[in-house]
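Architecture and fold: a report
The lines below spell out each chain.
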Amino acid sequence: MNPTFTPSIEQKKSTEKDPGDFVFEFLGDASEYLHEDALAKIVSDARLAQPEILTALKTQTEHSRTVSYNKFKKRFTVSGEEGLTIGAIVAARHMGIDVNLPDELDQSGDGKKLRKVLVQKISEDRIATNVNRELGTILAEKTKMRDVLKSEAYQKIADRAGIKSEQLGVQAEQIMMGALEAIAIDHSDLGLSITPGNAYQDVEEKIDFIISTKTKRRGVEVEKNETTFDEKHIGIQFTINSSKQEHKADQIKKAKARGVDVDDILYVAIDMKILAQAISDWKKVNKPVKGPWAYLPEQVRKTAITNFFDSILTPDQIRGLVNNI
């Protein structure tokens with residue numbers, strides 16, 4: 001199935017990536033399971049929702065936190081919390097933090113960028129939710145007769161799509177995705193992007209989320225006026241239960257043997273007690289925008305960054321990220 005959704009000029013202005021492009025990036029090989037009419041509706045709904053997202057971000061509510069910008073320090077403040085980056089504010093939505101972006105932010109380039117990126121990410125979240133609800137339902141029915149457990153796994157994904165979970169494992173995944181997403185946004189020169197795994201990747205390939213990189217190719221094989229890119233996609237199997245390492249490694253090995261639509265799958269674990277303590281400490285101080293990630297021990301964060309990016313960034317690039325923690 002080929003993507004047939006063409007963005008309008010207005011749509012291209014509102015986000016860096018059109019919803020039609022994101023749908024097929026998110027689905028990967030699983031696009032064959034969804035009818036094109038269903039995909040077209042998901043994309044259409046996402047485009048129509050963008051003005052609503054913009055309006056919602058400009059509206060102050062009881063629970064939203066107002067964002068301001070210091071043009072001299074070139075940093076944002078959110079309800080008194082200072083020194084925040086675009087990435088930190090955008091990623092805060094993973095932990096259920098809503099922000100209010102007043103019109104004054106458009107007086108700076110960074111303010112405009114924050115609004116643009118946040119609209120794009122919220123739109124992509126909605127697309128992922130709708131796609132997984134549709135994909136999970138279809139695959140649950142498709143696998144019901146030959147694999148009941150797998151069918152149930154798909155149905156659970158469909159049922160919980162878009163619903164916030166208090167389960168520690170789910171929160172841990174959101175914390176890690178948020179931390180990596182913030183890095184990708186604040187270090188755009190690295191060409192990184194972070195996307196959740198779709199329902200098929202979750203069940204069949206044991207992928208929780210995907211780290212991708214896209215860098216310009218240089219060398220004699222590239223013509224003077226030609227721009228080509230090297231791309232890499234690494235699936236992450238993340239867990240807070242390190243006792244399951246052998247089992248998880250076996251699952252990944254079997255998935256890779258069957259064939260996967262990423263370049264590799266990595267297993268990364270963080271101790272659940274350490275993570276639970278970070279979440280507890282974060283809640284005690286009224287859930288700052290920086291999230292529980294900032295309350296993990298420094299060495300844990302450094303090790304996590306090294307493990308996540310080990311096969312996707314250069315040692316110098318990783319060292320640069322680690323030194324900024």
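On a predicted model such as this, the values are computed, not experimentally measured, just so you know. (Residues numbered from 1 in each chain as written. Predicted model: local features only at pLDDT ≥ 70, side-chain atom pairs only at ≥ 80, totals over all residues. Heavy atoms only, no water.)

1. Observations concerning the overall build of the chain
The condition is simple: Under the DSSP-based scheme used, a helix requires at least four consecutive residues in state H or I and a strand at least two consecutive residues in state E, with every element numbered from the N terminus. Radius of gyration: over C-alpha atoms. The globule rule applied is 2.2 Å multiplied by the number of residues raised to the 0.38 power. Using a 1.4 Å probe on the protein chains alone, a residue whose accessible area is under 20% of its type maximum counts as buried, one over 50% counts as exposed, and one in between counts as partly exposed. Exposure was quantified through the Shrake-Rupley algorithm and a 1.4 Å probe, taking into account, for residues, occlusion by the shown protein chains and nothing else. When charges are counted, Lys and Arg contribute as positive and Asp and Glu as negative, whereas His and the chain ends are disregarded. Lysine's charge is taken at NZ, arginine's at CZ, aspartate's at CG and glutamate's at CD.
Helix and strand counts for the chain stand at 12 helices and 8 strands. For the chain, whose C-alpha radius of gyration is 20 Å, the value lies close to the compact-globule estimate of 20 Å for 325 residues. On the principal axes, the C-alpha backbone points of the chain span a range of 60 × 55 × 50 Å. Classification of the 325 residues of the chain by burial places 45% in the buried group. Of the roughly 17,600 Å² of accessible surface on the chain, a fraction of 48% belongs to carbon and sulfur atoms. Looking at charge distribution, the chain has the averaged site of its 47 positive side-chain charges lying 4 Å from that of its 50 negative ones.

2. Some thoughts on unusual backbone geometry
Here the phi dihedral of Ser-79 falls at roughly 45 degrees; this positive angle occurs in a residue that is not glycine. The phi dihedral of Asn-286 falls on the positive side, at around 65 degrees, and the residue is not glycine. Looking at the element boundaries, Asn-286 is found in the loop between helix H10 (272–284) and helix H11 (298–309).

3. Examining the sheet that holds strand S2 (residues 75–78)
The cut-off we apply is this: A pair of strands counts as paired when DSSP detects no fewer than two bridges linking them. Residues are treated as being in contact if the distance between any of their heavy atoms lies within 4.5 Å. Helix axes are fitted to C-alpha atoms over the stretch in contact, other axes to C-alpha atoms as well, and angles between N-to-C directions run from 0 to 180 degrees.
One open sheet holds the 4 strands; their spatial order is S3-S2-S1-S4, and the pairing between them is mixed. The open sheet has two edge strands, strand S3 (81–84) and strand S4 (99–100), and neither has a second partner. Relative to S4, strand S1 (residues 65–70) runs parallel, the two being bridged by 2 bridges. Its bridge partner being in S4, Thr-66 is matched across the sheet by Asn-100. The sheet strands contacting helix H5 (residues 109–143) are S1, S2 and S4, and the helix crosses S2 at an angle near 65 degrees.

4. Concerning the environment of Ala-128
Relative to the helices and strands, Ala-128 is located in helix H5. Residue class for Ala-128 comes out buried when judged on its relative accessible area of 10%. Each C-alpha atom of the pair Ala-128 and Phe-238 lies 19 Å from the other, and the pair is 110 residues apart in sequence. Those residues in contact with Ala-128, other than ones at most four positions away along the chain, are Phe-22, Phe-26 and Pro-196.

5. Observations regarding the packing of aromatic side chains
The criterion, for reference: Ring geometry is summarised as follows: Phe, Tyr and Trp rings, the Trp one being its six-membered ring, pair when their centres sit within 6.5 Å, and such pairs are stacked at plane angles under 30 degrees, edge-to-face over 60 and tilted between the two.
The tally for this structure, following the rule as stated, stands at 5 aromatic pairs. Where Tyr-69 meets Phe-76, the ring centres are 4.7 Å apart and the plane angle is 50 degrees; that geometry is what we call tilted. Their ring planes at 45 degrees and their centres at 6.0 Å tell us that Phe-209 and Phe-308 sit as a pair that is tilted. Taken together, the positions of Phe-209 in strand S6 (residues 209–216) and Phe-308 in helix H11 put the pair 99 residues apart, joining distant regions of the chain. Each member of the aromatic cluster is reached from another via a ring pair, and the members are Phe-209, Phe-238 and Phe-308.

6. A word on the packing of helix H2 (residues 19–27) against H5
So the rule is basically this: Here the word oblique covers every angle except those under 35 degrees (roughly parallel), over 145 (roughly antiparallel) and from 65 to 115 (roughly perpendicular). In a left-handed crossing the near helix is turned counterclockwise from the far helix by less than a right angle, and in a right-handed crossing that turn is clockwise. Basically, the charged four are Asp, Glu, Lys and Arg, the nonpolar ten are Ala, Val, Leu, Ile, Met, Phe, Trp, Tyr, Cys and Pro, and anything else, Gly included, counts as polar.
Contact geometry of H2 with H5 gives a least axis separation of 10 Å together with a crossing angle of 50 degrees. Regarding the angle of H2 to H5, the classification is oblique. The two elements H2 and H5 meet at a crossing, and its hand is right-handed. Facing H2, whose interface residues are Pro-19, Phe-22, Val-23, Phe-26 and Leu-27, H5 presents Ser-123, Glu-124, Ile-127, Ala-128, Val-131, Asn-132 and Leu-135. For the contact of H2 with H5, the class distribution of residues is 9 nonpolar, 2 polar and 1 charged.

7. Let's talk about the environment of Asp-18
Looking at where Asp-18 falls in the secondary structure, it is placed in the loop between helix H1 (9–14) and H2. Residue classification places Asp-18 among the buried positions, given a relative accessible area of 6%.

8. Comments concerning the nonpolar core
We count it as follows: By convention a nonpolar core is built from buried Ala, Val, Leu, Ile, Met, Phe, Trp, Tyr and Cys residues, the set being connected through side-chain atoms within 4.5 Å.
Ranked by internal contacts, the top residues of the largest apolar core, which has 58 residues, are Met-176, Phe-209, Ile-211, Phe-238, Phe-308 and Phe-309. Counting residues per element, this core draws most heavily on helix H7 (residues 168–186), which supplies 9 residues. Look past the residues within four positions of Phe-308 in its chain and what remains in contact with it is Met-176, Leu-180, Phe-209, Ile-211, Ile-236, Phe-238, Leu-266 and Val-268. One finds Leu-39, Tyr-154, Ile-157 and Tyr-200 within the second-largest nonpolar core, a separate group that totals 22 residues.

9. A closer look at H2
Keep this limit in mind: Pairs of N or O atoms are called polar contacts if they sit within 3.5 Å, as long as, within protein, a hydrogen donor faces a hydrogen acceptor (for residues adjacent in sequence, only side-chain-to-side-chain pairs).
Counting buried positions along H2 yields 7 of 9 residues, so the element is predominantly enclosed. Buried-residue contacts for H2 involve helix H3 (36–58), H5, strand S5 (192–196) and helix H8 (199–204). Where H2 begins, the capping side chain belongs to Asp-18, and its oxygen is found 2.9 Å from the backbone nitrogen of Gly-20.

10. Observations concerning the side chain of Glu-173
The line we're drawing: Whenever Lys or Arg places a side-chain nitrogen within 4 Å of a carboxyl oxygen from Asp or Glu, that contact is recorded as a salt bridge.
Relative to the elements of secondary structure, Glu-173 occurs in helix H7. The buried charged residue Glu-173 lacks any salt bridge partner; its closest oppositely charged side chain belongs to Arg-160, at an N-O distance of 6.9 Å.

11. A short note on helix H12 (residues 315–323)
Here is the rule we go by: Note that the arc is defined by the directions from the helix axis to the C-beta atoms.
Residues of H12 that are buried include every one of Ile-318, Leu-321 and Val-322, and no others. Projected onto a plane normal to the axis of H12, the buried residues spread over an arc of 100 degrees and lie on a single side. Away from its buried face, by an angle of more than 90 degrees, H12 presents the exposed residues Asp-316 and Asn-323. Summarising the contacts, the buried residues of H12 are in contact with H7 and H11.

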